[in-house]
Amino acid sequence: MALALPRPHRDDVRIAVSGLLGGVLLWALGLHPRVPSAPVVLWAAPWAPLVPLAVTAACEPLRRTRPRLGLLAGTLALAVDTVTVGNVVTVLLYTDLVYAAVLYGTPSSARRIPWITGLLTVLGGVVPAALWRDPAALLIGVGVGVVALAPAATGWVVRDHRDAAEAARLRAEQTALLAEMDRTQAVTAERARMARELHDMVAGHLSAIAIHSTAALSLDDPATSRDALTVIRENSVAGLAEMRRLISILRDSGGDLEPAATPTLDGLAALVDGARAGGLDVRLDAGHGRVPAPVELAAYRIVQESLTNALKHAAPGPVRVTLRQADRILHIEVTSPYRPGDTPRAPGSGSGLTGMRERAALLGGGFTAGPEAGLWTVRARLPLTEGAPA
């Protein structure tokens, strides 16, 4: 089966054709670097220089696709050219083959060719000078250096710069990719934060509205319906206010994520009053000192979500909310009566416990929730010192 060679580059074909035509022109004009009577001329036929010229020109289309093969054939052609009257274009084409072998060849070839040509340059100058005892013989080494070492060194320098540029391009692409990944993660985290905030703000109010509207529709009692409608109106107004606060956060172009109206632990009393209006028997026991703003917001939201869950799922009985501060940790505990198998009084999204756990984890705290001795107990531990684990 014939060996299939890759298609040569168009520039390489142009170099081959131009070199061949230029060499033929010099041959036709009789311009040769050596005379037929020179001692090194062993092949004095007039057409002899055309053979290595044609071989070297034929190697040029291989300078990118098969650089080592082209260099090997070009070296043999140059050796034949040295025993003829010669052609300058053959030497020029050979220097291009050496350059291309270093630039486009394998990494091992790119490392070895400059060393080999350097060694040949030294030997080409030292050995003849030592054998002939004539300093002028050093010019042979200079010629070898010009023909072989110089293009090899040039190819190595160009290849080194090309590899450095490619590495810089890859680093830039990786940096851009990492930046895009960071941006995507930041957007995802911000969306999760907004979803959690929206859920915590609105879920309690909508749950109270759903429960009281159900009661108003099921009981044919004007007084009960009026009370239910009053609670529905209060929760609707409060829910709209919370929605406006969230929208103001999203519209704020100043980068302030938490405006001045952020809920604080001072608002727990009003939160408990709202839960009592929804039908819960809530008892608040809050004993805490100064609390950082992020911890204060997280604590408020955890209590709010716990009361919302109690409003949906708790059995009849007292609900206790306890806040204690000890060892630079704010301890939160919310207990409500628990009776397995009860049907929820209002539908839920199922993300309340997840949101509370995420809020505690963001502050380096801990969170647990589950049934204990007939009670549904929610416990959270929030460190008051940034970076301190709870």
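Just above sits the structure.
Here's a quick rundown of the structure. (Residues numbered from 1 in each chain as written. Predicted model: local features only at pLDDT ≥ 70, side-chain atom pairs only at ≥ 80, totals over all residues. Heavy atoms only, no water.)

## Quick notes on the overall build of the protein chain
Selection rule: Helix and strand definitions follow DSSP, with helices as H or I runs of at least four residues and strands as E runs of at least two, each counted in order from the N terminus. For every residue, the accessible area (1.4 Å probe, protein chains only) is compared with the maximum for its type, and the residue is labelled buried under 20%, exposed over 50%, or partly exposed between those bounds. Any two residues whose heavy atoms approach within 4.5 Å are treated as being in contact. Values of accessible area rely on a 1.4 Å probe in the Shrake-Rupley scheme; residue burial ignores everything except the protein chains shown.
For the protein chain, the helix and strand inventory stands at ten helices and five strands. Taking all 390 residues of the protein chain together, 37% fall into the buried category. Of all intrachain contacts in the protein chain linking residues separated by at least 6 positions in sequence, the fraction that spans at least 24 positions is 71%. Of the accessible surface of the protein chain, which amounts to about 22200 Å², a share of 65% is contributed by carbon and sulfur atoms.

## Some remarks on the packing of aromatic side chains
Counted only if it meets this: Working definition: rings of Phe, Tyr and Trp (its six-membered ring) pair if their centres are within 6.5 Å, and the pair is stacked with planes under 30 degrees apart, edge-to-face with planes over 60 apart, and tilted otherwise.
Under the counting rule described, the total for this entry stands at two aromatic pairs. Ring centres of Trp-43 and Trp-47 lie 5.4 Å apart, and the angle between their planes is 90°; this geometry places the pair in the edge-to-face category. A relative accessible area of 46% means that Trp-47 is categorised as partly exposed. Here the aromatic rings of Tyr-338 and Trp-376 are separated by 5.5 Å at their centres, their planes lie at 45°, and the arrangement is tilted. With Tyr-338 in the loop between β3 (329–337) and α10 (352–362) and Trp-376 in strand β5 (residues 375–383), the pair connects residues that are 38 residues apart, well separated along the chain.

## Brief notes about helix α9 (residues 293–313)
The line we're drawing: Every helix has an expected span of 1.5 Å times one less than the residues it contains.
End to end, α9 covers 30 Å across 21 residues, agreeing with the expected 30 Å (1.5 Å per residue, within 8%). Burial of α9 is extensive: 18 of the 21 residues sit out of reach of the surface.

## Quick word on unusual backbone geometry
Glycine aside, residues mostly have negative phi, and peptide bonds are mostly found in the trans state. Phi at Arg-133 is positive, roughly 55°, even though this residue is not glycine. On the accessibility criterion, Arg-133 (75% relative accessible area) is exposed. With phi around 55°, Ala-373 is a residue other than glycine that occupies positive phi space. If you trace the backbone, Ala-373 turns up in the loop between β4 (366–372) and β5. Ala-373 sits in the exposed class, given a relative accessible area of 84%.

## A closer look at the pattern of salt bridges
Threshold: Salt bridge, as applied in this entry: a Lys or Arg side-chain nitrogen positioned within 4 Å of an Asp or Glu carboxyl oxygen.
In the structure shown here, the tally under the stated rule is 16 salt bridges. When the shortest N-O distance is used, the salt bridge between Arg-169 and Glu-173 registers 2.4 Å. With Arg-169 and Glu-173 both in helix α6 (residues 138–218) and four residues apart, the pair spans about one turn of that helix. Between Glu-180 and Arg-183 there is a salt bridge, and its shortest N-O distance comes to 2.8 Å. Here Glu-180 and its partner Arg-183 are both found in helix α6, three residues apart, which amounts to about one turn of the helix. Salt bridges linked by common partners bring Asp-12, Glu-60, Arg-63, Arg-64 and Asp-96 together as one network.

## Here we look at the sheet that holds strand β2 (residues 318–326)
Strands belonging to one sheet form pairs held by backbone hydrogen bonds; the direction of such a pair is parallel or antiparallel. As a reminder, the rule being used: Here, strands pair whenever DSSP counts at least two bridges between them. Helix axes are fitted to C-alpha atoms over the stretch in contact, other axes to C-alpha atoms as well, and angles between N-to-C directions run from 0 to 180 degrees.
Taken in spatial order, the five strands line up as β1-β2-β3-β5-β4 in an open sheet, and their pairing is mixed. Each edge of the open sheet is held by one strand with a lone partner, namely β1 (281–287) and β4. Geometrically, the sheet is characterised by an average inter-axis angle of 10° between neighbouring strands, direction not taken into account. For β1 and β2, the ladder comprises seven bridges, and the chain directions are parallel. Looking at the pairing, Arg-283 lines up with Arg-320 of β2.

## Section: the nonpolar core
Worth spelling out the cut-off: The nonpolar core is taken to be a set of buried Ala, Val, Leu, Ile, Met, Phe, Trp, Tyr and Cys residues, with the residues joined through side-chain atoms within 4.5 Å.
If you look at the biggest cluster of nonpolar residues, it comprises 31 residues, and the most contacted ones within it are Val-282, Val-303, Leu-307, Leu-330, Ile-332 and Leu-382. At nine residues, the largest contribution of residues to this core is made by α9. If sequence neighbours within four positions are ignored, Leu-382 has contacts with Val-295, Ala-298, Ala-299, Ile-302, Arg-328, Ile-329, Leu-330, Ile-332, Ala-360 and Leu-363. Formed by twelve residues, the second largest nonpolar core is a distinct cluster that contains Leu-78, Tyr-94, Ala-101 and Ala-152.

## Focus on a nonpolar patch on the surface
Quick reminder of the rule: Patch definition: residues with relative accessible area over 30% and no salt bridge; like charges joined within 9 Å; nonpolar side chains (Val, Leu, Ile, Met, Phe, Trp, Tyr) joined within 5 Å.
On the surface, Ile-116, Leu-119, Leu-120, Leu-123, Val-127, Leu-131, Trp-132 and Ile-140 cluster together to form a nonpolar patch covering roughly 800 Å² of accessible area. Here the nonpolar patch gets seven residues from one element, more than from any other, and that element is helix α5 (residues 107–132). For Leu-120, the position within the fold is in helix α5. Under the relative-accessibility criterion, Leu-120 is labelled partly exposed at 44%.

## Considering the side chain of Thr-377
Structurally, Thr-377 is set in strand β5. Not counting the four nearest positions on each side in its chain, Thr-377 is found in contact with Glu-333, Val-334, Thr-335, Thr-368, Ala-369, Gly-370 and Glu-372.

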